[in-house]
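# Fold and geometry: a report
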2 protein chains.
Amino acid sequence: MPRVMQETSKRYLHTGKTIGFVPTMGALHEGHLSLIRRAKSENDIVVASIFVNPLQFGAGEDLDIYPRDLEKDLDKLRELDTNILFVPGDKIIYPEGFATRIAVERLSDRLCGRFRPDHFSGVATVVCKLFNIVKPARAYFGQKDFQQTVVISRMVEDLNMDVEVVICPTVRESDGLAMSSRNVYLGAKERLAATVLYKALSSCSQMMAGPSTPNEVKKKLLEMLSAEPLVSEIQYAGIYDPATLLEIDEFKQRNLIAAAIKVGGVRLIDNVMAEYHK
Amino acid sequence: MPRVMQETSKRYLHTGKTIGFVPTMGALHEGHLSLIRRAKSENDIVVASIFVNPLQFGAGEDLDIYPRDLEKDLDKLRELDTNILFVPGDKIIYPEGFATRIAVERLSDRLCGRFRPDHFSGVATVVCKLFNIVKPARAYFGQKDFQQTVVISRMVEDLNMDVEVVICPTVRESDGLAMSSRNVYLGAKERLAATVLYKALSSCSQMMAGPSTPNEVKKKLLEMLSAEPLVSEIQYAGIYDPATLLEIDEFKQRNLIAAAIKVGGVRLIDNVMAEYHK
């Protein structure tokens, strides 16, 4: 099947068409659909893929229960007139004897990487494969998974992959919660409590209009997150350099305010980018 | 410069031309030239590259003294009517912030990998980059570096790279020594002694016509290599499965007889493939 997809892409390229690609793990929500719409507007052909990539799940993570609903996904993609949906099986992507791993050093170890040690290597490996199969001119990713976009952009540059990585704004529910296929894991109470994440991030980004330091903003962020009783764990929360993902002491022009928390056992991540003008 | 090479390749591809690629570290000898000729015969355009890849040299290896002679290399390539020579600088291939590494697990740890721990990851990483820049339909490698061909073939398959890896016969001096840019390191006496490697490998491959076991062949191989007083070290020598690079107890249809030795401090590798018919 990768061969058929690859040959199909080659035929398009030979006729001078550009391919926009939206790789997903399915359970599509408005965030994914916004990527498809953007890809539609910038390319002749749009390819979406659905592959729940075992390589990016750690031991004890939610690979087995990750939400899957191919029928609904297909309806949504049809509605947007997506040209091709590529749904490879596990054994097609990782056949017997598979042995290759791509590591993006340093960037993969920070933020989420501290809690998900092999996650970004799994992401980088599958994205490289999918790019080589689909041969897109542009590939679309949501800003919500910010570290993922940094790791993929770095890999694409380092390996001279001929793909433009396009990062699109996080799509949110009306109360601000970032859309995620994993939000279905939240019970009703947790779903309400989960709004604390974006509330805290956006309040903090507003602090940057006045006089403040990254340390003060971080303190405020931790306070707001800790004030919600259903937040059972704060894995990280702070102000980071968006290029290096390292925590900063002084504001830069662009600052990443990001956090990962657990609400009732469900891990949630979110981030906002805040500009700073002296 | 990778951008210029990449755009040049794209223009050729758009006009339906196929590109054959011969990546080298320069100091070209008849082995490289045989790859160029083969590439010429099978593709519209031939690209050669010269890049002494720091990532594939270990600490204490010969990166600094590796033979370089761009003028002579150019003459040889011109003579064969090579269409493009790509000679990127170190900072073009590994710019500030470079962080991506490709590992081909298991296969990289065996044979030479036991003595050169990061070598094959360095090879895989640079070859992936060069393939993405040059966009060849076919790439040509010599059988002399057998493990390299196995690692690259595995990477190409695992990452769905759209390149055919073509493995070409080892080219030898008249006395059997496999051609290698490193043979210039050999003094006159060592140069004579170095012939023991191919002599031993080819005698052993002949043993397989008669009744014998891999163990007997290995014993003979070690005996012959040890009999040469200038052989100061035998890093490995034996009969291996060419797919897994693991030592075998029973002959398969195709058997790799391979060895790495040191002669007067110069490391030499060679191999022969031997068919076995019950």
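Residues numbered from 1 in each chain as written. Chains lettered and ligands numbered in written order. Predicted model: local features only at pLDDT ≥ 70, side-chain atom pairs only at ≥ 80, totals over all residues. Heavy atoms only, no water.

### Topic: the overall build of chain A
When helices and strands are tallied, chain A shows ten helices and nine strands. Dimensions of chain A along its principal axes, counting C-alpha atoms only, are 55 × 40 × 40 Å. Split into buried and exposed, the 278 residues of chain A put 55% on the buried side. Summarising the internal contacts of chain A: among those between residues at least 6 apart in sequence, 71% fall at separations of at least 24. Put simply, chain A shows about 12,500 Å² of open surface, and 51% of that area lies on carbon and sulfur atoms. (Helix = DSSP H or I, 4+ residues; strand = E, 2+ residues; numbered from the N terminus. Buried < 20%, exposed > 50% of the residue type's maximum accessible area, 1.4 Å probe, protein only. Contact = heavy atoms within 4.5 Å. Areas by Shrake-Rupley, 256 points an atom, 1.4 Å probe, with all protein chains shown as cover.)

### Notes on the pairing of strand 4 (residues 100-104) of chain A
Counted residue by residue, strand 4 of chain A has four buried out of five residues, so it is predominantly covered. Inspection of the sheet shows strand 4 of chain A paired to strand 4 (residues 100-104) of chain B by five bridges, in the antiparallel sense. Counterpart to Thr-100 of chain A in the pairing with strand 4 of chain B is Val-104 of chain B. (Pairing = 2+ DSSP bridges.)

### Section: the sheet that holds strand 2 (residues 45-50) of chain B
Two orientations exist for strands paired in a sheet by backbone hydrogen bonds: parallel and antiparallel. Residue and element names in this part refer to chain B. Taken together, the five strands give an open sheet; going across it, the order is 3-2-1-5-6, and neighbouring strands pair in parallel fashion. This sheet does not close on itself; its edge strands, each paired only once, are strand 3 (84-86) and strand 6 (164-168). Averaged over all adjacent pairs, the angle separating strand axes in this sheet is 25°, with direction ignored. With five bridges connecting them, strand 5 (residues 138-142) and strand 6 associate as parallel partners. The partner of Tyr-140 across the bridge, within strand 6, is Val-166. Running at roughly 150° to strand 3, helix 1 (residues 2-14) makes contact with strand 1 (19-24), strand 2 and strand 3 of the sheet. (Axes fitted to C-alpha atoms, helices over the stretch in contact; angles between N-to-C directions.)

### Structural notes on the nonpolar core
Ranked by internal contacts, the top residues of the largest apolar core, which has 93 residues, are Val-47, Phe-131 and Met-155 of chain A together with Val-47, Phe-131 and Met-155 of chain B. Non-local contacts of Met-155 of chain A, meaning those with residues more than four positions away in its chain, are made with Ile-102, Val-104, Ala-124, Val-127, Cys-128 and Met-161 of chain A together with Thr-100 of chain B. Judged by nonpolar contacts, the second largest core, of 27 residues, contains Val-231, Ile-239, Ala-259 and Leu-268 of chain B. (Core = buried A, V, L, I, M, F, W, Y, C linked by side-chain atoms within 4.5 Å.)

### Some thoughts on helix 2 (residues 30-42) of chain A
Residue and element names in this part refer to chain A. With 13 residues, helix 2 should cover 18 Å at 1.5 Å per step; its first-to-last C-alpha distance of 18 Å lies within 8% of that length. For helix 2, the complete set of buried residues consists of Gly-31, His-32, Leu-33, Ser-34, Leu-35, Ile-36 and Ala-39. Here the buried face of helix 2 lies against strand 1 (19-24), strand 2 (45-50), helix 3 (70-79), strand 5 (138-142) and strand 6 (164-168). (Expected span 1.5 Å × (residues − 1).)

### A few points about the domain arrangement of chain A
Residue and element names in this part refer to chain A. For chain A, the assigned domains read domain 1 (2-168) and domain 2 (181-275). Each of domain 1 and domain 2 has a C-alpha centre, and these two points are 26 Å apart. On the side of domain 2, 19 residues touch domain 1, which itself brings 22 residues to the contact. Contact with domain 2 buries surface across domain 1, with Leu-111, Phe-115 and Phe-146 losing the most and accounting together for 32% of the total. Viewed at the interface, domain 2 and domain 1 are joined by one salt bridge. We note a salt bridge from Asp-62 to Arg-182, for which the minimum N-O separation is 2.7 Å. Where domain 1 touches domain 2, the interface holds six residue pairs in polar contact (both at pLDDT 80 or more). At the level of elements, helix 5 (112-115) and helix 7 (146-158) are the ones that each hand at least two residues to the side of domain 1 that touches domain 2. Residues of the side of domain 1 that touches domain 2, tallied by class, amount to eleven nonpolar, five polar and six charged. (Domains from an automatic or database assignment. Buried area = accessible area lost by both parts, 1.4 Å probe. Salt bridge = Lys/Arg side-chain N within 4 Å of Asp/Glu carboxyl O. Polar contact = N/O pair within 3.5 Å; in protein donor to acceptor, adjacent residues only side chain to side chain. Nonpolar A, V, L, I, M, F, W, Y, C, P; charged D, E, K, R; others polar.)

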